[in-house]
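Below, each chain spelled out in residue letters.
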Amino acid sequence: MRAVVQYGTGGPEVLKVEDRPKPERGDGEVLIRVEAIAVPFYETQLRSGLLGAAGEPAIFGHEAAGTIVEADDPALTGRRVVTMSFTGGAYAEFVVASQFTLVPGTVSAEQAVAAAVPASVALALMDAADVKAGETVLVEAASGAIGGYLARLAGRKGARVITTAGKGKADIDHNDPDWRKHVPEGLDVVFESIGGPRAAEIAVKLAPRGRILAYGLLSGEFPVFSVADLAPRGLTLIGFGGMDAYAKDVAAARDEALDLVADGTLTPVIDRIYPLADAAAAHAHVESREGVGKVLLVP
Ligand SMILES: NC(=O)c1ccc[n+]([C@@H]2O[C@H](COP(=O)([O-])OP(=O)(O)OC[C@H]3O[C@@H](n4cnc5c(N)ncnc54)[C@H](OP(=O)(O)O)[C@@H]3O)[C@@H](O)[C@H]2O)c1
């Protein structure tokens, strides 16, 4: 089968298209013929080495949707599913998975992979933040997948939503290093995904007892908050992540995320779809930060 293999860390050129043996499924696993693959921003950080060194050359990619072609349970054969693997293997024509989510019949593989992870993260974040009608919510990087879903979910809750993104894509241009100065005061909730040494500057914009959900590091660095930033306003800071913490809530929200796509509540925003063989070009496009929404690969 055709697959995209990562050779060390570096630019998009470390991703090479190769012929690799079709993976063999073990007991309890299913074999999926892949129909759509997500290219989230964190994968560009994994590829570049920003999040650590790469191991031996291996098939890259983490999020794929497709059709089950082999399973212990024959009733599963032919079912469309979406899967997320922390160990890679998604940039390929076939992938094996022990955990997967069934995709509702009306949802395409492209829509499924564009929503399954980011919309379930957004649902779990909304839950953790306990956003209420009438509250004011700041969504950072709303041009991205999670941010885009958060903005829509918070709006549906009846919150007033303020967004940041690259110039012309949102209320506030987060490429201005002083962008936090332009945020109005009185925020009840901040969905913090940019991180970096200046992230704590947002604290002065929160209302008393406001909540900050720190869930990303798009800048490449975690945000740094001190008690001195939080205590004067009685703010709550939630570090949203961890395999034994919020990752479980995210996985539990996957069915709901796909149901919201099926019933039209959340329509995935898809920026561009590339052939699998153009994975390097897809990475370069994600890093260019020109688009809005999800970048996908199709085998
Ligand atoms: N905690 C969790 O459970 C969890 C799970 C999944 C992902 N995440 C994290 O959530 C974050 C968002 O993921 P996503 O999948 O929504 O991303 P995505 O769809 O790939 O979107 C990328 C977004 O990143 C923004 N961006 C890129 N570099 C930036 C920078 N230096 N400063 C500010 N914005 C920047 C882009 O904005 P513009 O191009 O408009 O500037 C765009 O909105 C990532 O950090 C990811 O690692 C967390």
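Residues numbered from 1 in each chain as written. Predicted model: local features only at pLDDT ≥ 70, side-chain atom pairs only at ≥ 80, totals over all residues. Heavy atoms only, no water.

The name given to the protein chain in an unreviewed UniProt entry is Zinc-binding dehydrogenase, with the source organism recorded as Amycolatopsis melonis.

A. Region of interest: the sheet that holds strand β4 (residues 58-59). The strand order across the open sheet built from 3 strands is β2-β1-β4, with neighbouring strands paired in antiparallel fashion. Looking at the sheet topology across the chains shown, the edges are occupied by β2 (15-19) and β4. (Pairing = 2+ DSSP bridges. Helix = DSSP H or I, 4+ residues; strand = E, 2+ residues; numbered from the N terminus.)

B. Broad picture of the pattern of salt bridges. Under the criterion given, the structure shown has 12 salt bridges. Among the ionic pairs, Arg20 bridges to Glu18, the shortest N-O distance being 3.2 Å. Relative accessible area serves as the criterion here: at 25%, Arg20 is assigned to the partly exposed category. The salt bridge involving Asp130 is made with Lys132; its shortest N-O contact spans 3.3 Å. Each of the salt bridges in this network shares a partner with another, and the network as a whole consists of Asp178, Lys181, Arg198 and Glu201. (Salt bridge = Lys/Arg side-chain N within 4 Å of Asp/Glu carboxyl O. Buried < 20%, exposed > 50% of the residue type's maximum accessible area, 1.4 Å probe, protein only.)

C. Structural context of the UniProt feature "domain: Enoyl reductase (ER)" (unreviewed entry) in the protein chain. When the UniProt feature table is mapped onto this chain, "domain: Enoyl reductase (ER)" (unreviewed entry) is found at residues 10-297. Between the C-alpha atoms that bound residues 10-297 the distance is 20 Å, and the span itself is 26% helix and 26% strand. (UniProt positions renumbered as here; feature names shortened; annotations may be inferred.)

D. Focus on the site of the ligand. Around the ligand, a shell composed of 21 residues is seen, among which Phe41, Ser143, Ala145, His174 and Arg289 lie nearest. A distance of 2.7 Å separates an oxygen atom of the ligand from a polar atom in the backbone of Phe41. Within the side chain of Arg289, a nitrogen or oxygen atom sits 2.8 Å from an oxygen atom of the ligand. Coverage of the ligand by the protein chains reaches 85% of its 940 Å² of free accessible surface. Of all the secondary structure elements, the ones that give two or more residues to the shell around the ligand are α1 (41-48) and α3 (145-156). Among the residues forming the shell around the ligand, the class breakdown is 13 nonpolar, 6 polar and 2 charged. In terms of domain composition, the shell around the ligand takes at least three residues from each of domain 1 (2-102 + 269-298) and domain 2 (118-245). (Near = heavy atom within 4 Å. Polar contact = N/O pair within 3.5 Å; in protein donor to acceptor, adjacent residues only side chain to side chain. Areas by Shrake-Rupley, 256 points an atom, 1.4 Å probe, with all protein chains shown as cover. Nonpolar A, V, L, I, M, F, W, Y, C, P; charged D, E, K, R; others polar. Domains from an automatic or database assignment.)

E. Representation of the packing of aromatic side chains within the structure. All told, the structure shown has 2 aromatic pairs when counted by the stated rule. Summarising the aromatic geometry, the rings of Phe60 and Tyr91 are spaced 5.2 Å apart at their centres and angled 80° between planes, so their arrangement reads as edge-to-face. Of the two residues, Phe60 is situated in the loop between β4 and β5 (63-70) and Tyr91 in the loop between β6 (80-84) and β7 (94-97); the sequence distance between them amounts to 31 residues. We classify Tyr91 as buried; its relative accessible area is 0%. Arranged with centres 4.5 Å apart and planes meeting at 20°, the rings of Phe240 and Tyr246 form a pair that is stacked. Lying over the aromatic face of Phe94, Lys22 brings its terminal NZ or CZ to 4.6 Å of the ring centre. (Phe/Tyr/Trp six-rings, centres within 6.5 Å; stacked < 30°, edge-to-face > 60°. Lys NZ or Arg CZ within 6 Å of the ring centre and 35° of its normal.)

F. Spotlight on the environment of Asp271. Within the fold, Asp271 resides in strand β15 (residues 270-275). A residue is classified by how much of its surface remains accessible, and Asp271, at 25% relative accessible area, is partly exposed. A C-alpha to C-alpha distance of 26 Å links Asp271 and Glu18, two positions 253 residues apart in sequence. With residues up to four places along the chain from it excluded, the contact list for Asp271 reads His285, Gly291, Val292, Gly293, Lys294 and Val295. Among the polar contacts made by the side chain of Asp271, one reaches the side chain of His285 at a distance of 2.9 Å. (Contact = heavy atoms within 4.5 Å.)

G. Seen up close, the sheet that holds strand β12 (residues 187-192). Sheet architecture is open: 6 strands sit in the order β11-β10-β9-β12-β13-β14, paired in parallel fashion. Unpaired on one side and paired on the other, β11 (172-173) and β14 (236-239) mark the two borders of the sheet. Strand direction decides the pairing type here: strand β10 (residues 160-165) and β11, joined by 2 bridges, are parallel. Looking at the pairing, Ala165 lines up with Asp173 of β11.

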